[in-house]
Amino acid sequence: MNTKQTYALIGNSPAFRQLLNTAQLVAATRASVMISGESGCGKENLARHLHLHSPLANKPFIAVNCANLPENLVESELFGHRRGAFSNAMNDRDGLVRTAHNGTLFLDEIGELPLTAQAKLLRFLENGEILPLGCDRPVQVNVRVIAATNCDLEQMVKAGRFRADLFYRLQVVPMDVPPLRERVGDIALLTEHFVKLAAAKHDLPLISFSPEALRVLRDYPWPGNIRELKNLCERLTILCNGQREPLGADNLPLNLREKKMAMASKASLSLEKNERDMILHALEQCKGNRTHAAKMLGITRYTLLYRIKKHFPSEAGLPAGMAA
Ligand SMILES: Nc1ncnc2c1ncn2[C@@H]1O[C@H](COP(=O)(O)OP(=O)(O)O)[C@@H](O)[C@H]1O
Ligand SMILES: [Mg+2]
């Protein structure tokens, strides 16, 4: 598996095809990209794909998770510092932006960046210069920036927690990665891809899924998105090692099937309730006359009596005057 295969963009559902088209156009440029989408839906994967298919492919790709930067060190982590710039600065430090020079800087969870660092980042994006802490001469750095977020940045801009000017500067090309439940058409392709990856990784035989198992996978809402599906494929590759025939629904973890069972029992519950209500209504309309009520419901008198027994055992729950 080479790097390009590892960060493949698998999928060809309509929602995903649109993203692939944009990806192809954007990868060829150095434009800033803002990727949004739920956790685990493939934002970082897309960023790496764009980098690997760009003119900067053999230059560094530096991924920074803005949520993990210690609050008091954000600026020196990103823009570097000179030795002695603050009390713990024992050595000069380049900072992550400079490490990405000539390559791609991936700023994950950009919504978590403190406002002061946002201001510095904007200045850098505008003029390509950074000023490491403790330096008095700016350094010219050339990077392509791809940012990602799973928050609603527009809402954050309105609330004053994200700079509007930085938002528009990063938003040159917005790309929204759909959650997995909106691209269920890709589930078969994705599972095939992930079981191959897992088999190669653990040197195990390839597993496959029965149509019934795939149906369960398509019905599940995937709150953890592609990451959750990928982990499941790896787990099943390990735990079902040795099973030659395709996996059935009962090989899948219970929580995947529960959702479907819960939905099925809910549907039958409401069907039951509707039936009960319709019988009551018909009996009321016909003042308790079974023959007339059965006609009104379009069923035989015998069926109606049977259903009354089912819903109102020993006629309990039937309003006064409706009992036989
Ligand atoms: N379209 C895709 N095709 C193949 N693998 C994918 C795809 N999207 C995501 N992945 C894989 O799923 C996992 C989670 O994706 P990631 O990019 O880390 O999600 P996010 O950054 O949105 O939380 C990663 O291992 C990634 O390689
Ligand atoms: Mg991520």
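Residues numbered from 1 in each chain as written. Chains lettered and ligands numbered in written order. Predicted model: local features only at pLDDT ≥ 70, side-chain atom pairs only at ≥ 80, totals over all residues.

Novice: Sorry, what's going on with the site of ligand 1 here?
Specialist: Near ligand 1 there are 16 residues, and of these Ile10, Gly42, Lys43, Glu44 and Asn45 occur at the shortest range. Every element with two or more residues in the shell around ligand 1 is listed here: helix 3 (43–52) and helix 11 (225–239). Here the shell around ligand 1 spans two domains, and each of domain 1 (3–178) and domain 2 (181–252) adds at least three residues to it. (Near = placed C-beta within 6 Å. Helix = DSSP H or I, 4+ residues; strand = E, 2+ residues; numbered from the N terminus. Domains from an automatic or database assignment.)

Novice: Got a minute to help me understand the pairing of strand 1 (residues 33–36) in this structure?
Specialist: Where burial is concerned, the two faces of strand 1 agree: the one with Val33 and Ile35 and the one with Met34 and Ser36 are both buried. Bridge analysis of strand 1 against strand 6 (residues 144–149) gives four bridges, and the strand direction is parallel. Across the sheet, residue Val33 finds its bridge partner in strand 6, namely Ile146. (Buried ≥ 20, exposed ≤ 12 C-beta atoms within 10 Å, placed from the backbone. Pairing = 2+ DSSP bridges.)

Novice: Could you clarify how one ought to interpret the domain arrangement of the protein chain in this entry?
Specialist: You'll often see interface size given as the accessible area lost when the parts meet. Taken domain by domain, the protein chain comprises domain 1 (3–178), domain 2 (181–252) and domain 3 (269–315). With centres defined by C-alpha atoms, the gap from domain 1 to domain 3 works out at 65 Å.

Novice: Explanation requested: the pairing of strand 3 (residues 104–108) in the structure shown.
Specialist: Two faces make up the sheet, and in a regular strand the side chains alternate between them. Where burial is concerned, most of strand 3 is hidden: five out of the five residues are buried. Going residue by residue along strand 3, you find Thr104, Phe106 and Asp108 tucked away on one face and Leu105 and Leu107 tucked away on the opposite face as well. Pairing geometry for strand 2 (residues 61–65) and strand 3, over five bridges, is parallel. Across the sheet, the residue bridging to Val64 is Leu107, located in strand 3. Here strand 3 pairs with strand 6 via four bridges, running parallel.

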